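# Working through the structure, step by step
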Amino acid sequence: AASDVYKRQVVESSMTAWNGGWYVVNGAVTIGDRVTVSGEVHLILADNASLTANNGINVAEDNSFSVYAQSVGENMGTLTASGGENAAGIGGSQDGSGGNIIIHGGTVKATGGGFAAGIGGSDGSGGTITIHGGNVKANGGDEAAGIGGGYGASGGTITINGGTVKATGGDLAAGIGGGCRGSGCNITISGGS
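Residues numbered from 1 in each chain as written. Predicted model: local features only at pLDDT ≥ 70, side-chain atom pairs only at ≥ 80, totals over all residues. Heavy atoms only, no water.

### Remarks on the overall build of the protein chain
When helices and strands are tallied, the protein chain shows zero helices and 19 strands. Relative to the compact-globule value of 16 Å for 193 residues, the protein chain shows a C-alpha radius of gyration of 15 Å, a close match. If one aligns the C-alpha atoms of the protein chain with their principal axes, the spans along those axes are about 45 × 35 × 30 Å. Accessible surface, the protein chain: about 7,800 Å² in total, of which carbon and sulfur atoms supply 44%. (Helix = DSSP H or I, 4+ residues; strand = E, 2+ residues; numbered from the N terminus. Rg over C-alpha atoms; globule rule 2.2 N^0.38 Å. Areas by Shrake-Rupley, 256 points an atom, 1.4 Å probe, with all protein chains shown as cover.)

### Re the pairing of strand β7 (residues 64-69)
Bridge count between strand β4 (residues 35-45) and β7: six bridges; the pairing is parallel. The residue of β7 that forms the bridge with Leu45 is Ala69. Across four bridges, β7 lies against strand β10 (residues 100-103) in parallel orientation. Paired with Ser66 across the two strands is Ile102, which belongs to β10. (Pairing = 2+ DSSP bridges.)

### Overview of the packing of aromatic side chains
Here the structure, examined in full by the defined rule, presents four aromatic pairs. Among the aromatic residues, those joined into a ring-pair cluster are Trp18, Tyr23 and Phe65. (Phe/Tyr/Trp six-rings, centres within 6.5 Å; stacked < 30°, edge-to-face > 60°.)

### As for the side chain of Ser122
Examined against the element boundaries, Ser122 turns out to sit in the loop between β12 (119-120) and β13 (128-131). For Ser122, a relative accessible area of 0% gives the class buried. At 3.4 Å, the side chain of Ser122 forms a polar contact with the backbone oxygen of Ser93. Dropping the residues within four chain positions of it, Ser122 is found in contact with Asn86, Ala87, Ala88, Gly92, Ser93, Gln94, Asp95, Gly96, Phe115 and Ala116. (Buried < 20%, exposed > 50% of the residue type's maximum accessible area, 1.4 Å probe, protein only. Polar contact = N/O pair within 3.5 Å; in protein donor to acceptor, adjacent residues only side chain to side chain. Contact = heavy atoms within 4.5 Å.)

### Side note on the environment of Asn75
By the element assignment, Asn75 lies in the loop between β7 and β8 (78-82). For Asn75, a relative accessible area of 35% translates into the label partly exposed. Separated by 40 residues in sequence, Asn75 and Phe115 have C-alpha atoms that sit 33 Å apart. For Asn75, the residues in contact, after removing those within four places along its chain, are Asp47 and Asn48.

Functional significance is not addressed by these values, which are geometric in nature.
Written out as structure tokens, the structure is:
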């Protein structure tokens, strides 16, 4: 319901379990342990805010993670997520596929660890990734896609409707698509740069 937007939790450095609902980042927050998304989570990056997830954000299959910016422009909030060992920056953890990841806005920088994608899977498929806006930069780990599948895995379903996207795959992997030895994916690009 629309009223749920007003029941948002402020993200703090100790919060590593995000269980459904709305969350907001105000100011600079760093989380050391891997964050786990359960259910349907919506994250708002307030203007000039920054969230650094040093061990990434786990969005496994059957879970959903959406990122929004409070406003568009030079003050857009930033999310930086670096996957730990064999974990996607945003997406699957060890040997796991990514869930439903939607970026509406913000500056999002995601780096995969080990054989995991920047955004997507870890030795698993990318899941469903949709980018509507924002400034997205994703780097895959060893032989993993920047956005999409981890090593040996397919890219999943990737849709880019807008925003600025820069995706760099690891060795022998796609920037956007499958990891090394993995099949491609269903990619739709209707906007963005």
